[in-house]
Number of protein chains: 2
Amino acid sequence: MRVKHADASTLAGLLPAADVLLVWDFASHAVREAWPGEGPRPRWVHTASAGVDHLLCPELVDSDTVVTNARGIFDRPVAEYVAALVLALAKDLPRTLALQRERTWRHRESRKVAGTRAVVVGSGPIGRAVSGTLTALGVGTALVGRTGRAGVHGPDDLDRLLARADWVIAAAPLTSTTRGMFDARRFGVMQPSAHFVNVGRGQLVVEDALAEALRRRWITGAALDVFETEPLTPDSPLWDLPGLIVSPHMSGDTAGWRDELGEQFVQLYELWAAGRPLPNVVDKQLGYVPGH
Amino acid sequence: MRVKHADASTLAGLLPAADVLLVWDFASHAVREAWPGEGPRPRWVHTASAGVDHLLCPELVDSDTVVTNARGIFDRPVAEYVAALVLALAKDLPRTLALQRERTWRHRESRKVAGTRAVVVGSGPIGRAVSGTLTALGVGTALVGRTGRAGVHGPDDLDRLLARADWVIAAAPLTSTTRGMFDARRFGVMQPSAHFVNVGRGQLVVEDALAEALRRRWITGAALDVFETEPLTPDSPLWDLPGLIVSPHMSGDTAGWRDELGEQFVQLYELWAAGRPLPNVVDKQLGYVPGH
């Protein structure tokens, strides 16, 4: 096996001769730009990420190249991160830390999360892990997926669920269906006491609409770990929106994550080299790994 | 039934004629100071708090007056608050909020809490609720109580458990045994990667020793919701210790808590008026409600 490292400038030259492509940098769009179309190309592309939106171009979708992802690695970390945000918002932790900086002792009441209601949009392994963790905290949780099935609501139920949710968690893949789904109308449907959390992809959210919803108090608060443009630029109005927690796309990245991603690729490579079927195969039309 | 409201200045004059005393302000030491000793006195004292350290004076301990507490009201809120702090520390949330203020995008790795280890000191209902919530998050949790029994470690196990804990949670009542138990030696036993959380009483901790432990990096971080002196004065060095979250004794106080405390007292009062036995009776020698 010969291994070649590529960056955005050398990828196009290397792809035609490659059998396998490992995409390590999920923030790069280099694959989409360098993909050789109908010419010689890798038979297998693995991305060390849960989302595949950064690499799917029409030529790759239409080809017989197999695409796999890092399904499983991020489930638990992202679920914990969502729990951290939900609890921090319920317990008013950002305000506590702000008062601490001012050396001000100000007792406040906070919210109990047990008995509250969450809607988790995205019924893949990450969404299910988020749902499981919130359920363990006593939060009544509804999962919403692309199609309704046992334990999962279909899109038709979404607005009704949003209207009574205390917590709305976006954990869906970015597809043509989910792009911009959290828009002004959907923030308007939510309760004034609701909080919105996005750990999926920035483009699920119309950021201007969220900003408006927070400024006008259509909802109480939000936390974004992903953004339309990453890194968020210093002049973005999102940094100091009232009630918004901004974090730098880190929800899934717990100590050791790179090792786990590397080991997962090696395991898949061994299957591939032995001519055996690969797990985690992305449905390129849907834009994610379909599951139960 | 006649109800009289008392404050610190009028309590001593009213106590001899009272049958029942409801202590609503847990931060006040007025009962200790006004208790009539051997003279006429209330037959029953209820405190709208979990801890009873603020009212037990030798004369009350030695009397036949029954003392009850608000056992049960704070369990779940405090457990959620501890989970919020543990997750915030694991996910580096204070630093994320500080970077947000500076409009700085800086990706970091955080810690997974699943698979880490916690020691919860205090095996009453609050300690057990904390343990249950951490266990639900995948944290391996050991409970330490005054005496070892099924599911609870005795004090002899404490140092050994501290030496391998990622999270040390103080949720014990303040008694002559627990006062100052978290001292320089105990912080020295903990791992450099450990975090310490106190939601019990401030006097469980030798605050200077904790400050030293944080400054010298004997432990990585801490969160205090309770303090030797409350409110914490603006000139306290605790406000800006490295790695320390300061909150104003609010862990149990979720919306509706005062109503719940009031309803609980009414329920106990009805039992008392009917001459029936009261629940939540404090063992005044031990300083808490003994349980299983």
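Residues numbered from 1 in each chain as written. Chains lettered and ligands numbered in written order. Predicted model: local features only at pLDDT ≥ 70, side-chain atom pairs only at ≥ 80, totals over all residues. Heavy atoms only, no water.

Let us now look at the environment of B:Phe182. Residue and element names in this part refer to chain B. Inspection of the secondary structure puts Phe-182 in the loop between β6 (167-170) and α8 (184-189). Its relative accessible area of 0% is what places Phe-182 among the buried residues. Considering only alpha carbons, one finds Phe-182 and Val-205, 23 residues apart in sequence, at a separation of 4.7 Å. (Helix = DSSP H or I, 4+ residues; strand = E, 2+ residues; numbered from the N terminus. Buried < 20%, exposed > 50% of the residue type's maximum accessible area, 1.4 Å probe, protein only.)

We now examine the relation of the copies chain A and chain B. Once turned by 180° and shifted 0.0 Å along the axis, chain A lies on chain B with an RMSD of 0.0 Å. Expressed as a symmetry operation, the mapping of one chain copy onto the other fits a two-fold axis. Comparing interface residues between copies, 100% of those in chain A also sit at the interface in chain B, which points to an isologous, same-surface contact. (Least-squares fit on C-alpha atoms with pLDDT ≥ 70 in both. Contact = heavy atoms within 4.5 Å.)

Our focus in this paragraph is the sheet that holds strand β2 (residues 44-47) of chain A. All names here are of chain A. Taken in spatial order, the three strands make up an open sheet running β1-β2-β3, and their pairing is parallel. Across the chains shown, the open sheet's two edge strands, defined by having one partner strand only, are β1 (20-23) and β3 (66-68). Each strand axis lies, on average, 15° off the axis of its neighbour in the sheet, ignoring direction. Two strands pair when backbone bridges link them, and β2 and β3 are joined in this way by three bridges, in the parallel orientation. Note that in β3 the partner of Trp-44 across the bridge is Val-66. Packed on one face of the sheet, helix α10 (residues 257-273) meets β1, β2 and β3 and runs near 165° to β2. (Pairing = 2+ DSSP bridges. Axes fitted to C-alpha atoms, helices over the stretch in contact; angles between N-to-C directions.)

With that settled, the discussion passes to the UniProt feature "domain: D-isomer specific 2-hydroxyacid dehydrogenase catalytic" (unreviewed entry) in chain A. Taking the numbering used here, the UniProt-annotated feature "domain: D-isomer specific 2-hydroxyacid dehydrogenase catalytic" (unreviewed entry) corresponds to residues 8-282 of chain A. The distance from the first to the last C-alpha atom of residues 8-282 of chain A is 23 Å, and the span holds 32% helix and 13% strand. (UniProt positions renumbered as here; feature names shortened; annotations may be inferred.)

As a further point, take the interface of chain A and chain B. At the junction of the two partners, chain A supplies 57 residues and chain B supplies 57 residues. Buried area between chain A and chain B, summed over both chains or domains, comes out near 4900 Å², and the portion from carbon and sulfur atoms is 62%. Per-residue buried area on chain A facing chain B is highest for A:Arg103, A:Trp105 and A:Trp239; these three make up 18% of the total on that side. At the boundary of chain A and chain B, one finds six salt bridges. One salt bridge connects A:Asp240 with B:Arg103, and the closest N-O pair in it is separated by 3.1 Å. Counting every contact that joins chain A to chain B gives 28 residue pairs in polar contact (both at pLDDT 80 or more). Elements that contribute at least two residues to the side of chain A that touches chain B include exactly α4 (75-90), α5 (93-101), α6 (125-136), β9 (244-246) and α10 of chain A. (Buried area = accessible area lost by both parts, 1.4 Å probe. Salt bridge = Lys/Arg side-chain N within 4 Å of Asp/Glu carboxyl O. Polar contact = N/O pair within 3.5 Å; in protein donor to acceptor, adjacent residues only side chain to side chain.)

With that settled, the discussion passes to the environment of B:His107. Turning to its location among the elements, B:His107 is positioned in the loop between α5 (93-101) and β4 (117-121). When the C-alpha positions of B:His107 and B:Thr96 are compared, they lie 9.1 Å apart, and in sequence the two are 11 residues distant. If we ignore the near neighbours within four places in the chain, the residues touching B:His107 are A:Pro248, A:His249, A:Met250, A:Asp253 and A:Trp257. In terms of polar contacts, B:His107 uses its side chain to reach the side chain of A:Asp253, at 2.5 Å.

Quick look at the environment of B:Cys57 now. Residues and elements named next belong to chain B. Examined against the element boundaries, Cys-57 turns out to sit in the loop between β2 (44-47) and α3 (58-62). In this structure Cys-57 comes out as buried when scored by relative accessible area, which is 5%. For the pair Cys-57 and Gly-180, spaced 123 residues apart in sequence, the C-alpha to C-alpha distance is 19 Å.

Turning our attention to helix α4 (residues 75-90) of chain B. Each full turn of the α-helix corresponds to 3.6 residues, which orients residues three or four apart in the same direction. Residues and elements named next belong to chain B. Here α4 is 16 residues long and its end C-alpha atoms lie 22 Å apart, about the 22 Å a rise of 1.5 Å per residue gives. Counting buried positions along α4 gives 15 out of 16 residues, so the element sits mostly inside the fold. Following α4 by one or two positions, Asp-92 adopts a phi angle in the positive range, close to 60°. (Expected span 1.5 Å × (residues − 1).)

Another point: the packing of α4(B) against helix α6 (residues 125-136) of chain B. Residue and element names in this part refer to chain B. Contact geometry for α4 and α6: axes closest at 8 Å, N-to-C directions at 45°. Classified by the angle between their axes, α4 and α6 sit oblique to one another. As α4 runs across α6, the sense of the crossing is right-handed. Side by side, α4 and α6 meet where Asp-75, Val-78, Ala-79, Val-82, Ala-83 and Val-86 of the first sit next to Pro-125, Ile-126, Ala-129, Val-130, Thr-133 and Leu-134 of the second. (Parallel < 35°, antiparallel > 145°, perpendicular 65-115°, else oblique. Left-handed = near helix turned anticlockwise from the far one by under 90°.)

Right, let's talk about the packing of aromatic side chains for a bit. How two aromatic rings sit relative to each other is given by the distance of their centres and the angle of their planes. Throughout the structure, instances matching the rule amount to 18 aromatic pairs over all chains. Residues A:Trp105 and B:Phe227 carry aromatic rings whose centres are separated by 5.6 Å and whose planes lie at 70° to one another, so their mutual orientation is edge-to-face. One end of the pair, A:Trp105, is in the loop between α5 and β4 (117-121); the other, B:Phe227, is in the loop between β8 (221-224) and β9 (244-246), on a second chain. According to the relative accessible area criterion, A:Trp105 is partly exposed, its value standing at 23%. (Phe/Tyr/Trp six-rings, centres within 6.5 Å; stacked < 30°, edge-to-face > 60°.)

All names here are of chain A. Taken domain by domain, chain A holds domain 1 (11-72 + 255-273) and domain 2 (75-246). The straight-line distance from the C-alpha centre of domain 1 to that of domain 2 is 30 Å. The partner domain 2 presents six residues to the six residues of domain 1 that form the contact. Across the domain 1 to domain 2 interface the summed buried area is about 530 Å²; carbon plus sulfur atoms make up 48%. (Domains from an automatic or database assignment.)

Another point: the pattern of salt bridges. Counted by the stated rule, this structure contains 24 salt bridges over all chains. Residues B:Arg41 and B:Asp64 are paired through a salt bridge, measuring 3.5 Å at the closest nitrogen-oxygen approach. With B:Arg41 in the loop between α2 (30-34) and β2 and B:Asp64 in the loop between α3 and β3 (66-68), this pair connects stretches of sequence that are 23 residues apart. Note on B:Arg41: relative accessible area 24%, which makes it partly exposed. We note a salt bridge from B:Asp92 to B:Arg108, for which the minimum N-O separation is 3.2 Å. A residue pair is termed long-range when its members are at least 10 positions apart, and B:Asp92 in the loop between α4 and α5 and B:Arg108 in the loop between α5 and β4 qualify at 16 residues. By relative accessible area, B:Arg108 is classed as buried at 14%. Through salt bridges that share partners, A:Asp159, A:Arg185 and A:Arg186 make up one connected network.

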